[in-house]
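What follows is each chain in one-letter form.
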Amino acid sequence: MTGAVTQGFRPARTFFGHPIGLVNLFGVELWERFSFYGMLTILGYYLYYSVADGGLGLSRSTATGVVGAYGGLVYLSTVLGGWVSDRLLGTEQTLFYGGVVVMLGHLALALIAGLTGVGIGLTLIALGSGGVKANASTLLGTLYPPGDTRADGGFTLFYLGINLGAFVGPLVTGLLQSKAGFHYGFGAAAVGMACGLVQYALLRSNLAGHGREIPNPLPHRAIGRVLAVTVAAILLVALAAKAGAVRLENLSPVTTAVITVVSIAYFTILLTSPRVTPIERTRVRAFIPLFVANALFWSLFQQIFTVLTVYSDQRMNWNLFGWTAPANWIGSAEPIWVIALSPLFAVLWTRLADRAPSTPRKFAYGVIGMGTAFLLFVPLAAFTGRTVPAWLVFPILGGFAISELLLSPIGLAVTTHLAPEAFRAQMMALYFFSVGIGTSMSGVLANYYSREHEIAYFGLTGTLTIAVGIVVYFLAPRVTSLMKGVH
């Protein structure tokens, strides 16, 4: 399968009309998501299950808060991954070494018992994931020439890889956790990341040199300053923990606040840097309302790993044809829909090309769809105890998937196009900050969920989200004009 690309770019091999490098990035992201979601869907149970059941015996609210905060910290670390890429190693090498650190984190969870293993493992996974997340998407964006209408379709196929991993990971770790114990599930996550690294190394040549350049190399004279800032940051975190300002119980709200402050600082840098041109600065302004809408979307979506994890364990009947499935399979249910629908969306966006709805309109539809999906949980409050049939929750998660496909891969694609040239990887990190705010907020919101208040919880969050989506819809023409030619 060969073909020529847009004028000004050398001819290159293609895969179903897309750059051949998509195959490698598709595969490495599949395995990274296998490890990440496989671990994440059993993490909450590991934290709040009793010691007799193999867990650590934390309170349910603390456990869901830790899961939400951890997810937020993963996305916060993308700024580090973006910075290392832009200033030290380049996109391609940062992606590889980030994967190595992720694998070591999963090994720590598998081999070190108790909160010590949790602390070491989650820290390493968060830091490594920052290098993988920001740079895999950025590297994919560089494979497409500016204005290439294939990009949305390519990112949707890339998103299929993410969801294949997200589907299989919880299935494997859930079975291992239920049959052999939590640490075997964490070990499977480590093996999955190792597979991704081997595949990435073998197919590196398919990237054709993309991502090797360092956009804004760090001068040697600045190394001492960077080390001083790093040490100061570590000391600040240690002092905050020692003073009790940061505890397991308040980790989610603290994480949300930190990511919000860092996001504001980053927007300020992008809007004032002399390395950003006037047109690029206008495009950054267009990104702000998309950032807010994205954060709101993920604050609901990521409750799959906080509120819905508890809901699956304590409210759902997982009897499937006479066999009781592990409760963590709730994490695999939504990706089934994404896997089925991703090719359809990829074809749809490719065929519509410039006739497709603008990115702000797609964001609006995604936010409205997410709020609607939450409202569908309201009628299920009529079920008592652990009796909500899994087959009733499954189609609701289909609504999650449609909303996700309208917003998430499109957000990844538009971020690469709106990014200033000198801040490509760090702009992608800023996109992930919005996901991080939403993810940590999912832990904050989990504190308000209870069986007794399900109608109020799902009804209020769903209605408010729909209202915000409607506002985004009517703001779409103004946002589109600020995007300066980016559809």
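Above this text is the structure in question.
### So, the packing of helix α2 (residues 60-76) against helix α3 (residues 78-89)
One can describe the packing of α2 onto α3 by two numbers: an axis separation of 4 Å at closest approach and a directional angle of 15°. When the interaxial angle is binned, α2 and α3 end up roughly parallel. Packed against α2, whose contacting residues are V74, Y75 and L76, the element α3 presents T78, V79 and L80 at the interface. By residue class, the composition of the contact of α2 with α3 is five nonpolar, one polar and no charged.

### Some remarks on a nonpolar patch on the surface
A grouping of L104, L107, L111, I112 and I120 is seen on the molecular surface, where their side chains present a nonpolar patch of about 430 Å² in accessible area. In terms of residues, the nonpolar patch owes the most to one element, helix α4 (residues 91-111), which gives three residues. The residue L111 is located in helix α4 in this model. Under the relative-accessibility criterion, L111 is labelled exposed at 70%.

### Some words on empty space enclosed by the protein
The tally for this structure, following the rule as stated, stands at five cavities of 30 Å³ or more. By volume, the largest cavity is sized at about 240 Å³. When residues of the lining of the largest cavity are traced back to their parent elements, those giving at least two are α1 (21-48), α5 (114-142), α6 (151-179), α10 (278-301), α12 (330-352), α14 (390-418) and α15 (424-446). A total of four residues in the lining of the largest cavity trace back to one element, the largest contributor, which is α6. Grouping the constituent residues of the lining of the largest cavity by class yields 14 nonpolar, four polar and five charged. Quantified by volume, the second largest cavity comes out at close to 60 Å³. Residue lining of the second largest cavity: F36, L40, V67, G68, G71, Y75, Q302, F305, T306, T439 and S442, and that is the complete set.

### Brief notes about the side chain of R281
With respect to the element layout, R281 can be found in helix α10. Buried and unpaired, R281 has no salt bridge, with E280 as the nearest side chain of opposite charge at 7.3 Å. The contacts of R281, once residues within four sequence positions are left out, are L270, L271, T272, S273 and V276.

### Some remarks on the packing of aromatic side chains
Tallying each qualifying case throughout the model produces 36 aromatic pairs. One aromatic cluster is present, built from ring pairs that chain together F297, W298, F301, Y311, F374, F377, F400, Y449, Y457 and F458. Geometry around Y473 places R361 over its ring, the cationic atom sitting 4.0 Å from the centre.

### As for the nonpolar core
Formed by 132 residues in total, the largest nonpolar core has its most connected members in Y70, Y311 and F400. With 14 residues, α14 is the single largest residue contributor to this core. The residues touching F400, leaving out its near neighbours within four places in the chain, are L300, F301, I304, L308, E334, M370, A373, F374 and F377.

### Observations concerning helix α13 (residues 359-375)
An α-helical segment advances 3.6 residues per turn. Residues three or four places apart therefore align on the same side. Its 17 residues place the ends of α13 25 Å apart at the C-alpha level, agreeing with the 24 Å of an ideal helix rising 1.5 Å per residue. Along its buried surface, α13 packs onto α6, α10, α12, α14 and α16 (454-482).

### So, unusual backbone geometry
Notably, F321 is not glycine yet its phi reads approximately 55°, a positive angle. Locating F321 in the fold gives a position in the loop between β5 (319-320) and β6 (323-324). Residue F321 is classed as exposed on the basis of its relative accessible area of 90%.

### Things to note about the environment of I264
If you trace the backbone, I264 turns up in helix α9 (residues 251-272). Separated by 191 residues in the primary sequence, I264 and L73 have C-alpha atoms spaced 16 Å apart.

### Digging into the pattern of salt bridges
A full pass over the atoms with the stated rule returns four salt bridges. Linking E29 and R33 is a salt bridge whose minimum nitrogen-to-oxygen distance equals 4.0 Å. Taken as a pair, E29 and R33 lie in helix α1 at a separation of four residues, close to a single helical turn. The exposure class of R33 is buried, given its relative accessible area of 2%. With its nearest N and O atoms 3.8 Å apart, the salt bridge here joins R451 to E454. A cluster of three or more residues bridged by salt bridges with shared partners is formed by E29, E32 and R33.

Conventions used here
Residues numbered from 1 in each chain as written. Predicted model: local features only at pLDDT ≥ 70, side-chain atom pairs only at ≥ 80, totals over all residues. Heavy atoms only, no water. Axes fitted to C-alpha atoms, helices over the stretch in contact; angles between N-to-C directions. Helix = DSSP H or I, 4+ residues; strand = E, 2+ residues; numbered from the N terminus. Parallel < 35°, antiparallel > 145°, perpendicular 65-115°, else oblique. Contact = heavy atoms within 4.5 Å. Nonpolar A, V, L, I, M, F, W, Y, C, P; charged D, E, K, R; others polar. Patch = residues over 30% accessible without salt bridge, like charges linked within 9 Å, V, L, I, M, F, W, Y side chains within 5 Å. Areas by Shrake-Rupley, 256 points an atom, 1.4 Å probe, with all protein chains shown as cover. Salt bridge = Lys/Arg side-chain N within 4 Å of Asp/Glu carboxyl O. Buried < 20%, exposed > 50% of the residue type's maximum accessible area, 1.4 Å probe, protein only. 1 Å grid on protein atoms, 1.4 Å probe; cavity = no way out; pocket = protein on both sides within 12 Å on 5 of 7 lines; lining within 4 Å. Points joined across faces, edges and corners; volume = space filled by probe spheres on them. Lys, Arg positive; Asp, Glu negative; His and termini not counted. Phe/Tyr/Trp six-rings, centres within 6.5 Å; stacked < 30°, edge-to-face > 60°. Lys NZ or Arg CZ within 6 Å of the ring centre and 35° of its normal. Core = buried A, V, L, I, M, F, W, Y, C linked by side-chain atoms within 4.5 Å. Expected span 1.5 Å × (residues − 1).

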